[in-house]
Amino acid sequence: MAEVIGVRFKSVGKVYYFDPAGLAFQKGDQVIVETSRGVECGEVALPNREVRPEEIVSPLKPVIRMANEQDLRTVEKNRQKEKEAFRICQQKIEKHKLVMKLVDVEYTFDNNKILFYFTADGRVDFRELVKDLASIFRTRIELRQIGVRDESKMLGGLGVCGRPFCCSTFLGEFQPVSIKMAKEQGLSLNPTKISGTCGRLMCCLKYEQDVYEELLKLTPKVGALVKTPEGRGIVSDVNLLTGALSIRLDSNPDAPKNFHKNEVSLIRDAKIKLDRSEIAALKSLEDK
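Keep in mind that what you see is a predicted model, and the values were worked out from it rather than measured.

A.B. asks: Explanation requested: the sheet that holds strand S4 (residues 38-51) in the structure shown.
C.D. replies: Strand pairing in a sheet relies on backbone hydrogen bonds. The paired strands run either parallel or antiparallel. Spatial strand order, S2-S1-S4-S3-S5: five strands in an open sheet with antiparallel pairing. At either margin of the open sheet sits one strand with a lone partner, and together these are strand S2 (16-18) and strand S5 (63-66). The sheet shows a mean angle of 45 degrees between the axes of neighbouring strands, direction not considered. Bridging between strand S3 (residues 30-35) and S4 involves six bridges; their strand directions are antiparallel. In the sheet register, Thr35 faces S4, and the bridge partner there is Gly38.

A.B. asks: Is there a simple way to think about the packing of helix H1 (residues 69-95) against helix H2 (residues 127-137) in this case?
C.D. replies: Each pair of packed helices can be summarised by the angle the axes make with each other and by the distance between the axes. At a closest axis distance of 10 Å, the pairing of H1 and H2 adopts a crossing angle of 145 degrees. Seen from above, H1 lies across H2 with right-handed handedness. Taken together, the residues of H2 that come into contact with H1 (itself represented by Ala85, Ile88, Cys89, Lys92, Ile93 and Lys95) are Leu129, Asp132, Leu133, Ile136 and Phe137. Counted by class, the contact of H1 with H2 contains eight nonpolar, no polar and three charged residues.

A.B. asks: Would you explain the sheet that holds strand S7 (residues 113-119) in this entry?
C.D. replies: Taken in spatial order, the three strands of this open sheet run S6-S7-S8, and their pairing is mixed. Since the sheet does not close on itself, it has two edges, and those belong to strand S6 (101-107) and strand S8 (140-145), each with one partner. For this sheet the average axis-to-axis angle between neighbouring strands, irrespective of direction, equals 20 degrees. Judged from the six bridges that link them, S6 and S7 form a sheet pairing that is antiparallel. Bridge pairing in S7 links Val105 to Phe116. Packing against the sheet, H1 makes contact with S6 and S7, and its axis sits at approximately 145 degrees to S6. Contacting S6, S7 and S8, H2 crosses the sheet at an angle of about 140 degrees to S8.

A.B. asks: Looking at this structure, I do not really get the side chain of Glu151. What am I missing?
C.D. replies: Here Glu151 shows up in helix H3 (residues 148-155). Other than its neighbours up to four places away in sequence, Glu151 contacts Lys101, Val103, Thr119 and Ile146.

A.B. asks: Can you help me understand the state of the cysteines in this one?
C.D. replies: Working definition of a disulfide: a covalent bond connecting the sulfur atoms of two cysteines. This model, assessed by the stated rule, comprises zero disulfides. Considering cysteine sulfurs only, Cys203 is the nearest to Cys167, which forms no disulfide, with 5.7 Å between them. The class for Cys167 is buried, based on a relative accessible area of 7%.

A.B. asks: Would you mind going over the side chain of Thr139 with me for this structure?
C.D. replies: When you line up the elements, Thr139 lands in the loop between H2 and S8. In contact with Thr139, other than residues within four places in its own chain, are Asn111, Asn112, Lys113, Ile114 and Ala134.

A.B. asks: Sorry if this is basic, but what is going on with the pattern of salt bridges here?
C.D. replies: Where charged atoms from two side chains of opposite charge come close, those side chains can pair. Taken as a whole, this structure holds 20 salt bridges when the rule is applied. A salt bridge links Lys113 to Glu142; the nearest nitrogen and oxygen atoms lie 3.1 Å apart. Placement of Lys113 in strand S7 and of Glu142 in strand S8 is noted, with a sequence separation of 29 residues between them. Overall, Glu142 belongs to the partly exposed group, its relative accessible area being 22%. Two residues, Asp269 and Lys221, come together in a salt bridge whose shortest N-O distance is 3.0 Å. Placement of the pair is Asp269 in the loop between strand S13 (265-268) and helix H8 (276-282) and Lys221 in the loop between helix H7 (209-218) and strand S9 (225-228), with a sequence separation of 48 residues. Several salt bridges converge on common partners, so that one network encompasses Lys10, Arg37, Glu40 and Glu106.

A.B. asks: Help me understand H7 in this model?
C.D. replies: Because an α-helix packs 3.6 residues into every turn, residues spaced three or four apart end up facing the same way. Of all the positions in H7, only Gln209, Tyr212, Leu215 and Leu216 are classed as buried. Across the axial projection of H7, the buried residues extend over an arc of 120 degrees, all falling on one side. Away from its buried face, by an angle of more than 90 degrees, H7 presents the exposed residues Asp210, Lys217 and Leu218. At its buried positions, H7 is contacted by helix H4 (179-184) and helix H6 (204-207).

Rules of the game
- Residues numbered from 1 in each chain as written.
- Predicted model: local features only at pLDDT ≥ 70, side-chain atom pairs only at ≥ 80, totals over all residues.
- Heavy atoms only, no water.
- Pairing = 2+ DSSP bridges.
- Helix = DSSP H or I, 4+ residues; strand = E, 2+ residues; numbered from the N terminus.
- Axes fitted to C-alpha atoms, helices over the stretch in contact; angles between N-to-C directions.
- Left-handed = near helix turned anticlockwise from the far one by under 90°.
- Contact = heavy atoms within 4.5 Å.
- Nonpolar A, V, L, I, M, F, W, Y, C, P; charged D, E, K, R; others polar.
- Disulfide = S-S within 2.5 Å.
- Buried < 20%, exposed > 50% of the residue type's maximum accessible area, 1.4 Å probe, protein only.
- Salt bridge = Lys/Arg side-chain N within 4 Å of Asp/Glu carboxyl O.
- Arc of directions from axis to C-beta.

Dropping the structure here:
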């Protein structure tokens, strides 16, 4: 086992492991660490703990020090400089008539690099833009194209549920979300109903999926043949969360009757299927 702490560099970002170098840290402490892009200031998200070696991405770098007052002032100055850099980059984008949307600007702690995050529908030739920015800021410039999900995470906002975006409040990393999940959860496959503000499938489909998969094991699916207290029938509608079933009895198929899943016994279950037309029509919602 190896002792580590978990550090994140954005309020709701991925957590990275570092060697605490014999020091004890608490959640919320600010620390200075060396990353692949230079020296950075991050917040301890996971205090000292032991993890298995296979959970670590080698080499595990040690914490340089606990952040002091001067370090925190540097971080605040960088936040102010980022606003000015954003304004300047926006002007240069307009000057070069580039079809791209600037989303965010980030200074590394040591000011050795400035990262400009943008979205665009396709590839963008920003070589002249980089030259302009490098001549102004006199440091390394990196333009990084991101997807619409990353844009939503950076900017934040309110989802269709009326709450702040999950991605910008507690989801550290994006997980793959599929049309199959929406189908298994009994949702309408209307793009406006199952996609978030970013235009991709809602993240909540993923972290609710485990519950639905468990319920699907215990509940007859639409099309299943079941035995009810009033005879055999075919399930025509299912509410997985409540266990309510609508069943067309063999004795009167035109008038579905309601039962709870505990009142029926399964004779032959059905399968949830996605046809090719549904997959083709909604495939773009799965893309990042």
